[in-house]
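What the coordinates show
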Amino acid sequence: MIKSNYLALLILALVLAFIPLAISNVYYLGILIFVGINSLITIGLSLLMGYAGQISLGHAAFFGLGAYLSGVLSTRLAVPPVSALLLAALFTALVALLIGLPTLRLKGHYLAMATLGFGQIVYIVFNAWVEMTGGPSGFGNIPRLRIGGVVFDTDLKYFYLVWGLVVVGLFFAVNIIHSRVGRALRTMHTSEVAAGTLGINTVRYKIQIFVISAVYASVAGSLYAYFVTFLSPGTFGISFSILLVTMVVFGGRFSVWGALLGTAVLSILPESLRIIKDYDVLVYGAVLLLVMIFFPEGLVGLIGRVFRPRSLPEKLRT
Amino acid sequence: MPLLEVINLEKHFGGLTAINRVTFSIQPGQIKAIIGPNGAGKTTLFNVLTGVVPPDGGEIRFRDGDITGWKSHLIASRGIARTFQIIKIFGDMTVLENVMTGCHLKSKTGLLSAAFHLLPVWREEREIAEKSIRILREVGLEDRAQARAGNLPLGMQRLLEIGRALASEPSLILLDEPVAGLSGPETRELAHLIRRIRDGGTTVLLVDHDMSLIMDISDEVLVLDYGCKIAEGSPREIQNDEKVIAAYLGEEMD
Amino acid sequence: MTLGSQILQYIISGISIGSIYALVALGFNIIYNTTGIINFAQGEFVMLGGITAASLVTIFHVPILIAFLAAVIIVTAAGAFFERLAIHPLKNPSVITLIIITIAGSILLKGIAMFIWGKDTYFLPSFSGDRPIHFLGAAILPQTVWILGITGLVVILLSAFFKFTLAGKAMRAVASNRMAASLVGINVKKMVLFSFALSAAVGAVGGIIIAPIALMDYDKGAIFALKGFAVAALGGIGNFGGAIAAGLILGILEALGAGLISSHYKDAIALMVLLLVLFLKPSGIFGSAQESRLKKF
């Protein structure tokens, strides 16, 4: 299992390495960078949704914390970007821990509600704390990311940086899923009672996965800040949180590869189809509803059915 | 010194008393059976002992420590494993993965080391897999290791659940109706397995309705009726106990 | 204006906005009690009610009373339609599935509203003019009286419905024990449909009576849902009396906070309360603390 995932990762890395050679238009390269940034968030979110069986409606806020903390630290306090990124990730992890500790002990909707409320609070703070964030009009002049002597000032360099981190993020996620921790998480699909009697502390793993997924979002936020060099609150509202959930569900929430696929399709399609851009809310709502009712395993599940007819129900096989 | 001591244990559901001040103990190396008519509180007792539901009164001592009211994963980590009357295997995992999940307590890879998948993690995974194969051989499921657990027939699922429980290397294993739904030959196989488990150093507490099995393999039998202990003793003593006969005559004639 | 009358003014406006939150929370509770679902689309019913009534009155010049009834009927139908489309087809859904489904429903309703009404803001004139009534130095808008009166009426009608009608009793039976209810011949699936329709109707009423004070647009649903949920959580999920008390408390807190501290953080107050309740006392301050209930949620 883990070996086929490594093979897929290798193929992905090779394809990614050659993509910039095939794309001459800088505009498309820019879109792919955003796809990479979003993918980093959704990979973490799919760990939470597909494996820990929980949902966060506040991942845009963790993304925003990463972005604003990096931006503010680098511009106002002249913290080097990499240190700022790490500090932001650490802070976001602590915040996620504070939210997860009380709510993940309880069953059901609590985390969803807490993250929804938290996300909205963060959004309000971004708007209202004008001295620090520039308020609704935002703030700019965020320096470029610099690692050692390398400044990531072109789209080409940034493409390799972002997608390199996506590959690393996928590598971590795949390893977690195929480990002792991953097995412990998968027990929750069937029986938390049985898991408990085997000594598995499911609450602890749920909290850990929630924190990790927030860190993925925070790192993505920092990358976003150093790429666009300008931040305003509009990017980090509830609707982006819900779009992230839609990407994960659409691609297939039981697989990190689904997150990647869903993110790619839902990030690229609106760029090419004007109608999706104009009626985005309507389209996303319909997509989410149809996927949940008719193919809850998402695109990945659908593709799996086409290529592996063995997994079809008995009656459809002959 | 007893391995497990239960003192005046109580459990109520609303107005219903499921366990009524039950006291008993298990010596290490025993096979002890709990019998009683349907609704006597046997499964509830198992649920309380393994922390699935908290007790309402009394005390549970295990290996000389108080575990009353502990969460189930903590009780498991002290060395009590169990199976379920209504099977709770992880149906969407393979047979091997089920047993590997049972090794949770005896392995230690955490989230961060799992993410990096370095050499020690890789080594531990291999050890767990090898140990799980050994356990599957012990319960007779080795050739089904890669099958999807949910696709196994019932008898094999019961064996798998026992194997998964054994993987945590418990000092006490609780078997809830292990032969329910099994055929005659399968039941005899299982009786051998239970003896082998005991001979391997694990104390066994089981609940079942199969009297010939119970009388055959148990060292001691405890009888519950309406949540109360009505008798305790050797299989021979129990068979001749008037209260037991009365309780069973009211319930079932076989 | 003295500080005292100023505070009175805040409290009055807090009570009127709090009534709306209470109505949204009642909507949450109606569905939760029958189905165990937290319906994330609850706020969209409020938005739909307000925007439908406003456009009927301002564009088609329909009299307010008829617009009121028409909007309630339309939104009730939307609630029933939503249940048939999204909830009814599910077999044994997990909590996470239900969350995603109701969120999908909320985006879809919002998208449909955007399709019909665009991104414009709609305004519903007050039911009976805007000349304020003076009371102890505070000015009370006539709409405030309408809000309090209609909210009170809805609460009375709802309790009568649950106490005296067969359908209401059946819904209570389903709420207390689904299995037993179906054994005595109550059609549980039908009760689920009723609960969505009823809670859509309650939400719509809230949206219509608040529309003259708060402008309506397609994007207004989420914030009503969040605050309504904060109120429901504060009052104890499923607890009707708790929802009303918590609605008034939160409305007043919010109005006082906005007036005396900072209006920037006005919307954050209810959300902070929500987080505090979830963290410290998830059964709510009026919660019956019934563990079993809590677990289902």
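Residues numbered from 1 in each chain as written. Chains lettered and ligands numbered in written order. Predicted model: local features only at pLDDT ≥ 70, side-chain atom pairs only at ≥ 80, totals over all residues. Heavy atoms only, no water.

**A word on the overall build of chain B**
When you go through chain B residue by residue, the secondary structure sums to 10 helices and 10 strands. The C-alpha atoms of chain B give a radius of gyration of 19 Å, which matches the 18 Å a tight globule of 254 residues would have. The dimensions of chain B, computed from C-alpha atoms along their principal axes, are 60 × 40 × 35 Å. In chain B, which comprises 254 residues, the proportion classed as buried is 54%. Restricting the contact set of chain B to residue pairs at least 6 apart, pairs at least 24 apart contribute 68%. (Helix = DSSP H or I, 4+ residues; strand = E, 2+ residues; numbered from the N terminus. Rg over C-alpha atoms; globule rule 2.2 N^0.38 Å. Buried < 20%, exposed > 50% of the residue type's maximum accessible area, 1.4 Å probe, protein only. Contact = heavy atoms within 4.5 Å.)

**Overview of the packing of helix H3 (residues 59-76) of chain A against helix H10 (residues 202-228) of chain A**
Angle between the axes and distance between the axes are the two parameters that describe a pair of packed helices. Residues and elements named next belong to chain A. In contact at an axis separation of 7 Å, H3 and H10 are set at 45° when each is read in the N-to-C sense. By the angle between their directions, the pair H3 and H10 is classed as oblique. Crossing of H3 against H10: the hand is right-handed. Facing His59, Phe62, Phe63, Gly66, Ala67, Ser70 and Ser74 of H3, the residues of H10 in contact are Phe210, Ser213, Ala214, Ala217, Ser218, Ala220, Gly221, Ser222, Tyr224, Ala225 and Tyr226. Residue classes in the contact of H3 with H10 are distributed as 10 nonpolar, 8 polar and no charged. (Axes fitted to C-alpha atoms, helices over the stretch in contact; angles between N-to-C directions. Parallel < 35°, antiparallel > 145°, perpendicular 65-115°, else oblique. Left-handed = near helix turned anticlockwise from the far one by under 90°. Nonpolar A, V, L, I, M, F, W, Y, C, P; charged D, E, K, R; others polar.)

**Considering the arrangement of the chains**
Summarising the chain contacts, 2 pairs of chains touch, and the pair with the most contacts is chains A and C. Where chain B comes nearest to chain C, the C-alpha atoms are still 12 Å apart, and the two do not contact one another.

**Let's talk about the packing of aromatic side chains**
Overall, the coordinates contain 26 aromatic pairs over all chains when judged by the stated rule. Look at A:Phe63 and A:Tyr224: their rings are 5.4 Å apart centre to centre, the planes differ by 55°, and that puts the pair in the tilted class. Placement of the pair is A:Phe63 in helix H3 and A:Tyr224 in helix H10, with a sequence separation of 161 residues. Across the pair, exposure class does not vary: A:Phe63 and A:Tyr224 are buried alike. Every member of this aromatic cluster is reached through a ring pair, and the members are A:Phe34, A:Phe63, A:Tyr68, A:Phe126, A:Phe139, A:Tyr158, A:Tyr224, A:Phe227, A:Phe236 and A:Phe240. Here the guanidinium or amino end of A:Arg76 rests over the ring plane of A:Phe139, the centre of that ring lying 5.2 Å away. The ring of B:Phe84 carries B:Lys88 above its face, with NZ or CZ at 5.5 Å from the centroid. (Phe/Tyr/Trp six-rings, centres within 6.5 Å; stacked < 30°, edge-to-face > 60°. Lys NZ or Arg CZ within 6 Å of the ring centre and 35° of its normal.)

**Brief notes about H3(A)**
All names here are of chain A. The terminal C-alpha atoms of H3 lie 25 Å apart, and with 18 residues this matches the ideal 26 Å at 1.5 Å per residue to within 8%. With 15 of its 18 residues buried, H3 lies for the most part within the structure. The positive-phi residue at the C-terminal boundary of H3 is alanine 78, with phi of around 55°. (Expected span 1.5 Å × (residues − 1).)

**Section: the nonpolar core**
In this structure, A:Phe62 and A:Tyr158 are the most contacted members of the largest nonpolar core, which totals 217 residues. Broken down by element, this core gets its largest block of residues, 16 residues, from H10(A). Those residues in contact with A:Phe62 that lie beyond four places of it in its chain are A:Ser56, A:Thr92, A:Val95, A:Ala96, A:Ile99, A:Phe118, A:Phe210, A:Ala214, A:Ala217 and A:Ser218. Ranked by size, the runner-up nonpolar core spans 48 residues in total, among them B:Cys103, B:Ile128, B:Leu175 and B:Val244. (Core = buried A, V, L, I, M, F, W, Y, C linked by side-chain atoms within 4.5 Å.)

**Overview of the confidence of the model for chain C**
Of the residues in chain C, 96% have a pLDDT of 70 or more, and the chain-wide mean is 86. At the level of chain-chain contacts, confidence expressed as ipTM amounts to 0.89, with global pTM at 0.89. (pLDDT = per-residue confidence, 0-100.)

**What about the sheet that holds strand E5 (residues 65-66) of chain B?**
Hydrogen bonds along the backbone pair up the strands of a sheet, which may run parallel or antiparallel. Residue and element names in this part refer to chain B. With respect to topology, 4 strands assemble into an open sheet ordered E2-E1-E4-E5, the strand pairing being antiparallel. Edge strands, defined here as strands with exactly one partner in the open sheet, are strand E2 (16-26) and E5. Bridge count for strand E1 (residues 4-13) against E2 is 7 bridges, and the pairing is antiparallel. In the sheet register, lysine 11 faces E2, and the bridge partner there is isoleucine 19. Of the strands in this sheet, E1, E2 and strand E4 (57-62) are in contact with helix H1 (residues 42-49), which crosses E1 at around 115°. (Pairing = 2+ DSSP bridges.)

**Details of the interface of chain A and chain B**
If you look at the interface, chain A gives 30 residues, while chain B gives 35 residues. For the pair chain A and chain B, the summed buried surface comes to about 2700 Å²; carbon and sulfur atoms form 65% of the total. On the chain A side of the interface with chain B, the three residues burying the most area are A:Arg180, A:Arg183 and A:Leu198, jointly 29% of the side's total. Linking chain A to chain B there are 2 salt bridges. (Buried area = accessible area lost by both parts, 1.4 Å probe. Salt bridge = Lys/Arg side-chain N within 4 Å of Asp/Glu carboxyl O.)

**So, the sheet that holds strand E8 (residues 203-207) of chain B**
Residue and element names in this part refer to chain B. In spatial order, the strands read E6-E7-E8-E3-E9-E10; together these 6 strands make up an open sheet with mixed pairing. Of all the strands in the sheet, just strand E6 (80-82) and strand E10 (228-233) have a single pairing partner and so form its edges. Across the sheet, the mean angle separating the axes of adjacent strands is 20° when strand polarity is ignored. Inspection of the sheet shows E6 paired to strand E7 (residues 172-176) by 3 bridges, in the parallel sense. By the bridge assignment for E7, isoleucine 80 is matched with leucine 172. Helix H7 (residues 184-199) rests against strand E3 (31-35), E7 and E8 of the sheet, and its axis sits at about 145° to E8.

**Thoughts on the interface of chain C and chain A**
Often the size quoted for an interface is simply the accessible area lost on bringing the parts together. Taken together, the contact between chain C and chain A spans 40 residues of the former and 41 residues of the latter. Summed over both sides, the interface between chain C and chain A buries roughly 3700 Å², with carbon and sulfur atoms accounting for 85% of that surface. For the pair chain C and chain A, the number of links is 0 residue pairs in polar contact (both at pLDDT 80 or more). If you list the elements that add at least two residues to the side of chain C that touches chain A, you get helix H3 (64-87), helix H4 (95-117), helix H9 (221-235), helix H11 (266-280) and helix H12 (291-296) of chain C. (Polar contact = N/O pair within 3.5 Å; in protein donor to acceptor, adjacent residues only side chain to side chain.)

**Here's the deal with the environment of C:Phe135**
Residue and element names in this part refer to chain C. Secondary-structure assignment places phenylalanine 135 in strand E1 (residues 133-135). Exposure remark for phenylalanine 135: the relative accessible area of 42% places this residue in the partly exposed category. If sequence neighbours within four positions are ignored, phenylalanine 135 has contacts with Leu8 and Ile140.

**Considerations on the pairing of E8(B)**
All names here are of chain B. In terms of burial, E8 is a largely internal element, 5 of the 5 residues being buried. By the alternation rule, side chains of E8 split into Thr203, Leu205 and Val207 and Val204 and Leu206, which are all buried. The pairing of E3 with E8 spans 4 bridges and is classified as parallel. Residue pairing for E8: isoleucine 31 is matched across the bridge by valine 204. Examined bridge by bridge, E7 and E8 share 5 bridges and lie parallel to one another. Bridge pairing links leucine 172 to threonine 203 in E8. One crossover worth recording links E7 to the parallel E8 by way of H7, and it is right-handed. (Right-handed = clockwise from strand over helix to strand, strands pointing away.)

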